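Listed below are the residues making up each chain.
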Amino acid sequence: MATSRATVVSMKATQMKVAQVPKPGAEFQIVEREIPKPAAGQVRIKVQACGVCHSDVFVKEGLWPGIEYPRIPGHELAGIIDELGAEVTGWKKGQRVGVGWYGGRDNTCLECRRGRFLYCRNSKVAGISYDGGYQEYMVAPVDALAAIPAALSDAEAGPLLCAGVTTFNALRHSGAGPGSLVAVQGVGGLGHLGIQFGSKFGYKVAAIGRGPENSALAKKLGASVYIDSQASNAAEELQKLGGAQAILATAPESKAMSSLIDGLAPTGKFVVVGISSDPIAVTPLQLIVGEHAIQGSAVGTPTDSEDTMNFAELTGVRPMIETYPLEKAAEAYARMMSGKAQFRVVLTM
Ligand SMILES: [Zn+2]
Ligand SMILES: [Zn+2]
């Protein structure tokens, strides 16, 4: 078919580059797709950066029920609104926004009617329920948008929309007050943010890591104390300091979590954010004596993400990141999976 040169150029202008997972367990593919158009209640975002999160393994390996393939992962994206769908109010073209794990709600279920949007029974996840941020343009429902403050770069905002809000929310709802001893288990992608937030909340932060090598970094991030869990019994060390009012468990190892429960102060709370499939072991007496609680904490809503980013802007909390171009999504993902990244991997467009 004969095609004029002008047509070719204009067709190209409607294409974009994406990194997609073609089917469960397959390698990433870099392909061109048509730039999507926002439907009613959606905006189109020109993506500038997107964090690569361990939860992207759900998409890569097909571990989340009901995912349709090919799927573009990514739930830590930051960019600029470049088109508004019909009926969108309160957001404007050119505005900097991000989308995190929380990808939208139905506004009709019982939890939504109660205003408990985090628990929506039909909630959506960006990069799982619909294509996420490993692409140059994406569409997202307005329910999923968080405004990004000026002081944060796109690459910094990305991880704050997932790892950041996860640790920020877990700590601010832990019940620990200023001056309390709060332990952060794990100095990694979640932990390095938890230490910073805890320190800026006015806690005495005890960072717990494996081996001596993270001590200097943990203290630089704001920890008052570093406990090497290989060289000592971390729960006993916390008790020597009076016991922790909260323990934020970020490292995905249930055995290590279980060994820390005895480090709690009376009425202390053990808050779990690290994901592991093994059970956490605890005896009834460990909970009864001192009235300890174990609680999970699940990321947060877009307004929680805004609180996180505004707090980060105010206090200087920043994720430590390694950046890769979108074309190297496979390499970036492998780097994240290796556990060797310092600490969050971010794709830039
Ligand atoms: Zn994430
Ligand atoms: Zn709902």
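Heads up: the structure comes first, above all this text.
Conventions we followed
Residues numbered from 1 in each chain as written. Chains lettered and ligands numbered in written order. Predicted model: local features only at pLDDT ≥ 70, side-chain atom pairs only at ≥ 80, totals over all residues. Heavy atoms only, no water. Helix = DSSP H or I, 4+ residues; strand = E, 2+ residues; numbered from the N terminus. Buried < 20%, exposed > 50% of the residue type's maximum accessible area, 1.4 Å probe, protein only. Contact = heavy atoms within 4.5 Å. Areas by Shrake-Rupley, 256 points an atom, 1.4 Å probe, with all protein chains shown as cover. Core = buried A, V, L, I, M, F, W, Y, C linked by side-chain atoms within 4.5 Å. Donors = N, O, S within 2.8 Å, 3.2 Å for Na, K, Ca; no water. Salt bridge = Lys/Arg side-chain N within 4 Å of Asp/Glu carboxyl O. Tetrahedral: all angles 85-135°; square planar, octahedral: opposite > 155°, others 65-115°. Bend = angle between axes of the 7 residues up to and from the residue. Axes fitted to C-alpha atoms, helices over the stretch in contact; angles between N-to-C directions. Parallel < 35°, antiparallel > 145°, perpendicular 65-115°, else oblique. Nonpolar A, V, L, I, M, F, W, Y, C, P; charged D, E, K, R; others polar. Polar contact = N/O pair within 3.5 Å; in protein donor to acceptor, adjacent residues only side chain to side chain. Pairing = 2+ DSSP bridges.

**A look at the overall build of the protein chain**
When helices and strands are counted, the protein chain shows 11 helices and 15 strands. Each of the three principal axes of the protein chain carries a C-alpha extent, and together these read 80 × 45 × 40 Å. In the protein chain, which comprises 349 residues, the share counted as buried stands at 52%. Expressed as a percentage of contacts within the protein chain between residues at least 6 apart in sequence, the contacts between residues at least 24 apart total 66%. Of the roughly 15500 Å² that the protein chain leaves accessible, carbon and sulfur atoms contribute 53%.

**Some details on the nonpolar core**
Core analysis: the largest hydrophobic core is formed by 45 residues, its most contacted members being Ile45, Val52, Val99, Tyr134, Leu145 and Leu347. Among the elements that make up this core, the one with the highest residue count is strand β3 (residues 42–52) (five residues). Discounting residues that sit within four places of it in the chain, valine 52 has contacts with Glu76, Tyr134, Ala332, Tyr333, Met336, Val345, Val346 and Leu347.

**Focus: the coordination of the zinc ion (ligand 1)**
Only Cys53 (SG), His75 (NE2) and Cys162 (SG) from the protein reach the zinc ion (ligand 1) as donors, at distances of 2.0 to 2.2 Å. Written as a sequence motif, the donor arrangement for the zinc ion (ligand 1) is C-x21-H-x86-C. Of this pair, histidine 75 sits in the loop between α2 (57–60) and β4 (77–84) while cysteine 162 sits in helix α4 (residues 154–172), and the two are 87 residues apart along the sequence. Using a relative accessible area of 8% as the deciding quantity, one classes cysteine 162 as buried.

**So, the pattern of salt bridges**
For the structure shown, the criterion picks out 19 salt bridges. Where glutamate 61 meets lysine 60, a salt bridge forms, and the shortest distance between an N and an O atom there is 3.6 Å. Across the pair aspartate 131 and arginine 71 runs a salt bridge whose closest N-O atoms are separated by 2.9 Å. Taken as a pair, aspartate 131 in the loop between α3 (110–113) and β6 (137–141) and arginine 71 in the loop between α2 and β4 lie far apart in primary sequence, 60 residues in all.

**Considerations on the coordination of the zinc ion (ligand 2)**
Protein coordination at the zinc ion (ligand 2): the donors are Asp106 (OD), Cys109 (SG), Cys112 (SG) and Cys120 (SG), at 2.1 to 2.3 Å from the metal. Around the zinc ion (ligand 2), the four donor atoms are arranged such that angles at the metal cover 97 to 119°; this shape is classified as tetrahedral. Coordination of the zinc ion (ligand 2) draws on donor residues from a single chain, spaced D-x2-C-x2-C-x7-C in sequence. In this pair, aspartate 106 sits in the loop between β5 (96–99) and α3 while cysteine 120 sits in the loop between α3 and β6, placing the two residues 14 residues apart along the sequence. On the basis of relative accessibility, which here comes to 24%, the residue aspartate 106 falls in the partly exposed class. A relative accessible area of 6% means that cysteine 120 is categorised as buried.

**A closer look at α4**
A maximum bend of about 50° is found in α4 at leucine 160. For α4, the buried fraction is high: 18 of the 19 residues fall into the buried class.

**Some remarks on the packing of α4 against helix α10 (residues 302–315)**
Taken N-terminus to C-terminus, the directions of α4 and α10 make an angle of 95°; their axes are 8 Å apart at the nearest point. One element, α4, and the other, α10, form an angle in the roughly perpendicular class. Across from Ala157, Leu160, Leu161, Gly164, Val165, Phe168, Asn169 and Arg172 in α4, the residues of α10 making contact are Asp304, Ser305, Asp307, Thr308, Met309, Phe311 and Ala312. Considering only residue class, the contact of α4 with α10 consists of eight nonpolar, four polar and three charged.

**Some remarks on the side chain of glutamate 322**
If you trace the backbone, glutamate 322 turns up in strand β14 (residues 321–325). For glutamate 322, a relative accessible area of 17% translates into the label buried. Polar contacts involving the side chain of glutamate 322 include one to the main-chain amide nitrogen of glutamine 342, which spans 2.9 Å. In contact with glutamate 322, other than residues within four places in its own chain, are Arg335, Lys340, Ala341, Gln342, Arg344, Val345 and Val346.

**Let's talk about unusual backbone geometry**
The omega torsion of the bond from tyrosine 69 to proline 70 falls at 0°, within 30 degrees of zero and hence cis. Mapped onto the elements, proline 70 comes out in the loop between α2 and β4. Phi angles above zero are rare outside glycine, and threonine 267 is one such case at about 60°. Turning to its location among the elements, threonine 267 is positioned in strand β12 (residues 264–272). Threonine 267 sits in the exposed class, given a relative accessible area of 53%. Of note in this structure, glutamate 291 is not a glycine but carries a positive phi near 45°. As for its position among the elements, glutamate 291 is in the loop between α9 (284–288) and β13 (293–296).

**Here's the deal with the sheet that holds strand β11 (residues 244–249)**
One open sheet accounts for six strands, arranged β10-β9-β8-β11-β12-β13; its pairing is parallel. Of all the strands in the sheet, the pair left with one neighbour each is β10 (225–228) and β13. For this sheet the average axis-to-axis angle between neighbouring strands, irrespective of direction, equals 20°. As defined by bridge partners, β11 adjoins β12 across five bridges and the pair is classed as parallel. Opposite leucine 248, over in β12, you have valine 271 as the bridge partner. Contacts from helix α5 (residues 191–200) reach β8 (181–185), β9 (204–209) and β11 within the one sheet, and its direction differs from that of β9 by about 165°.

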